[in-house]
Amino acid sequence: MIETEYQFGGPLGAAGVTFGTPAIAYLLYFVCNENGCPSSSFLEDPLAALAAQWPGIDGVFSSKIFGYYCAWYFGLAALQFILPGRTQEGVELKDKTRLKYKLNVLETSLTIFGYLGFMTVKEGLSWSFWVWMWSNYLYLLSSALVFATLLATYVYAASFFTRELLSDHGATGNPLYDWFIGRPLNPRIGMLDLKQFSELRPGMILWPILNFTFLAHQYTTAGRVTDSMLLVNAFQAWYVIDSFINEPAVLTTMDITTDGFGFMLAFGDLAWLPFVYSLQARYLAMYPTDLGVRGVLGVLAVQATGYYIFRGSNGEKNKFRTNPEDPKVAHLKFIETKSGSRLLVSGWWAVARHVNYLGDWIMAWAWCLPTGFKTPVTYFYVVYFAVLLVHRDRRDEAKCRAKYGKDWDRYTKVVPWRIVPGIY
Ligand code: NDP
């Protein structure tokens with residue numbers, strides 16, 4: 001189906017995000033490192049400081065490390081098939097079929113974390129793997145970027161030769177835009193669903209591994225592990241494990257049901273998420289920060305508030321949609337819509353139309369506050385995530401308005417706030 005309604009500012013916006021987001025990922029590395037965060041030379045003359053630090057193409061990309069990255073990606077894919085797991089059907093697609101997905105990301109990640117833990121202890125805490133990870137950070141980032149680019153190109157090209165469904169917004173006919181936003185909806189190689197696999201595995205499992213690399217670096221160089229480092233590692237590991245425990249929920253997210261698979265998702269899943277979201281732990285590895293008891297309690301309170309809203313609202317909707325008779329949600333009020341789906345108008349979903357985003361954003365603060373207030377760079381995640389959530393809310397709103405029509409107008413009258421009640 002050809003549809004020319006562009007998102008992300010059309011081809012120009014797609015080009016901007018394609019070059020801009022990798023540039024930011026590298027910039028964060030060169031701006032925030034052992035020389036400062038940012039270094040005084042960067043503040044004086046950013047371009048000269050960047051040029052002075054540029055290690056040349058050989059210092060950024062290594063075909064050997066890229067080979068290791070390929071082994072990581074395809075090794076994980078093999079584990080999805082080898083390890084036990086249950087198979088579940090996804091939502092009904094527009095051709096009335098449902099795809100089957102093997103769910104075992106928790107088993108896969110625990111196997112890998114267990115293996116790394118075992119090897120680390122067996123080596124007598126010599127940390128050699130973690131030192132290797134630290135030294136090859138830039139090569140690993142480049143490998144993930146190159147892999148995501150090749151993956152996006154492969155699925156775009158393959159979508160012309162297979163009978164796979166195309167995404168509603170990714171078949172405009174503009175090659176750059178379609179490659180970026182994703183032309184195929186659910187590209188597969190045999191049984192391997194590239195989008196579902198990439199969403200929760202190569203990047204999400206790498207993220208806590210990178211965080212632990214930074215913890216190990218702090219331990220090796222400072223001789224201790226700070227409370228702030230422990231909190232960031234624990235919060236983000238918990239977020240990752242929580243999403244693994246709730247793996248079936250990914251099958252009903254906008255990413256899987258609606259968005260195509262192109263550079264945007266491939267780069268976001270494989271490179272942006274693990275390398276940019278771990279910035280705070282990387283900073284703490286170089287600049288150990290102590291919070292003290294009051295600081296720890298304060299950050300824990302922020303995290304608990306965010307998690308309470310995040311898990312409460314997401315869990316409530318999930319339960320209501322999958323088992324409305326459950327006593328936990330049976331009392332909730334809802335609107336019947338012509339489409340057949342029901343929209344909650346009490347409980348969490350009466351507070352704001354995306355109150356779950358608010359909980360996620362509050363947790364983002366708890367992930368940045370442990371870095372203290374010496375630099376604004378480590379608050380990049382809070383700012384970026386606010387932009388992502390506001391933009392995502394607008395996209396989801398447009399989708400719901402198209403799906404529910406007048407019923408959506410009724411709903412927005414009852415629940416007028418988008419994300420933050422009383423403010424937005
Ligand atoms: P949501 O969980 O917000 O789901 C939105 C969908 O829920 C709508 O499209 C609609 O779907 C349905 N819905 C809307 N209002 C109601 C209602 N009142 N009652 C029942 N159903 C309703 O989707 P997301 O995928 O955007 O977010 C899921 C979680 O993932 C969030 O907590 C978010 O913060 C997080 N997230 C995190 C990211 C990160 O990088 N860390 C990135 C993106 C998301 P339908 O058509 O079925 O009615």
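What you see is a predicted model, and the numbers here were worked out from it, not measured in a lab.

1. Thoughts on the domain arrangement of the chain
1) Next: Taken as a whole, the chain is organised into domain 1 (1–90 + 99–289) and domain 2 (291–424).
2) Next: Just the C-alpha atoms count here: the centres of domain 1 and domain 2 sit 24 Å apart.
3) Next: Across the contact, 31 residues belong to domain 1 and 29 residues belong to domain 2.
4) Next: A combined buried area of about 2700 Å² lies between domain 1 and domain 2, and 66% of that area is made up of carbon and sulfur atoms.
5) Next: Taken together, domain 1 and domain 2 are joined by three salt bridges.
6) Next: As a salt-bridge pair, D242 and R311 come within 2.6 Å of each other at their nearest N and O atoms.
7) Next: In this structure, the connection of domain 1 to domain 2 is made through eleven residue pairs in polar contact (both at pLDDT 80 or more).
8) Next: For the side of domain 1 that touches domain 2, the elements supplying multiple residues, two or more each, are α1 (10–31), α12 (227–245), α13 (254–257), α14 (263–277) and α15 (279–286).
9) Next: The leading source of residues in the side of domain 1 that touches domain 2 is α12, at nine residues.

2. Details of the site of the ligand
1) Next: The environment of the ligand is formed by 24 residues, the closest being R321, Y357, D360, D396 and Y404.
2) Next: Between the ligand and Y277 there is a distance of 2.9 Å, counted from an oxygen atom to a side-chain nitrogen or oxygen.
3) Next: Within the side chain of Y411, one N or O atom sits 2.9 Å away from a nitrogen atom of the ligand.
4) Next: At eight residues, helix α18 (residues 380–404) tops the list of elements feeding residues into the shell around the ligand.
5) Next: Among the residues forming the shell around the ligand, the class breakdown is twelve nonpolar, four polar and eight charged.
6) Next: The residues that make up the shell around the ligand include at least three from each of domain 1 (1–90 + 99–289) and domain 2 (291–424).

3. Section: the packing of helix α6 (residues 105–122) against α12
1) Next: In the contact formed by α6 and α12, the axes pass within 8 Å of each other and the chain directions differ by 140°. Considering their axes alone, α6 and α12 lie oblique with respect to each other. Contact with α6, carried on its side by V105, L106, S109 and F113, involves I241, F244 and I245 of α12 and no other residues of that element.
2) Next: Of the residues assigned to the contact of α6 with α12, the class counts are six nonpolar, one polar and no charged.

4. Overview of the environment of W367
1) Next: You can see W367 is positioned in helix α17 (residues 355–368).
2) Next: Here W367 falls in the buried class, since its relative accessible area comes to 1%.
3) Next: In the structure, W367 is positioned 150 residues away from H217 in sequence and 19 Å away in space, judged by C-alpha atoms.
4) Next: With residues up to four places along the chain from it excluded, the contact list for W367 reads W207, V232, F235, Q236, Y239, Q280, Q303 and Y381.

5. Here's the deal with the side chain of T21
1) Next: Along the polypeptide, T21 turns up in helix α1.
2) Next: Assessed through its relative accessible area of 18%, T21 is described here as buried.
3) Next: A distance of 2.6 Å separates a polar side-chain atom of T21 from the backbone oxygen of V17.
4) Next: Dropping the residues within four chain positions of it, T21 is found in contact with G16, F267 and W272.

6. Observations concerning the environment of A144
1) Next: Structurally, the position occupied by A144 is in helix α8 (residues 137–158).
2) Next: Classification of A144 by relative accessible area gives buried; the value is 0%.
3) Next: Spatially, the C-alpha atom of A144 lies 9.4 Å from that of P202, the residues being 58 residues apart in sequence.
4) Next: Setting aside anything within four residues of it in sequence, one finds A144 in contact with Y69, L270, A271 and F275.

7. Side note on a nonpolar patch on the surface
1) Next: Taken together, the side chains of F81, I82 and M191 present a nonpolar region at the surface, about 350 Å² in accessible area.
2) Next: Take F81: it is sitting in helix α5 (residues 63–82).
3) Next: Residue classification places F81 among the partly exposed positions, given a relative accessible area of 40%.

8. A look at helix α11 (residues 202–222)
Each α-helix turn comprises 3.6 residues. Residues three or four places apart therefore point the same way.
1) Next: With 21 residues, α11 should cover 30 Å at 1.5 Å per step; its first-to-last C-alpha distance of 30 Å lies within 8% of that length.
2) Next: Where burial is concerned, most of α11 is hidden: 16 out of the 21 residues are buried.
3) Next: Directly beyond the C-terminal end of α11, a positive phi value near 80° is found at G223.

Each value, and the rule that gives it
Residues numbered from 1 in each chain as written. Predicted model: local features only at pLDDT ≥ 70, side-chain atom pairs only at ≥ 80, totals over all residues. Heavy atoms only, no water. Domains from an automatic or database assignment. Contact = heavy atoms within 4.5 Å. Buried area = accessible area lost by both parts, 1.4 Å probe. Salt bridge = Lys/Arg side-chain N within 4 Å of Asp/Glu carboxyl O. Polar contact = N/O pair within 3.5 Å; in protein donor to acceptor, adjacent residues only side chain to side chain. Helix = DSSP H or I, 4+ residues; strand = E, 2+ residues; numbered from the N terminus. Near = heavy atom within 4 Å. Nonpolar A, V, L, I, M, F, W, Y, C, P; charged D, E, K, R; others polar. Axes fitted to C-alpha atoms, helices over the stretch in contact; angles between N-to-C directions. Parallel < 35°, antiparallel > 145°, perpendicular 65-115°, else oblique. Buried < 20%, exposed > 50% of the residue type's maximum accessible area, 1.4 Å probe, protein only. Patch = residues over 30% accessible without salt bridge, like charges linked within 9 Å, V, L, I, M, F, W, Y side chains within 5 Å. Areas by Shrake-Rupley, 256 points an atom, 1.4 Å probe, with all protein chains shown as cover. Expected span 1.5 Å × (residues − 1).

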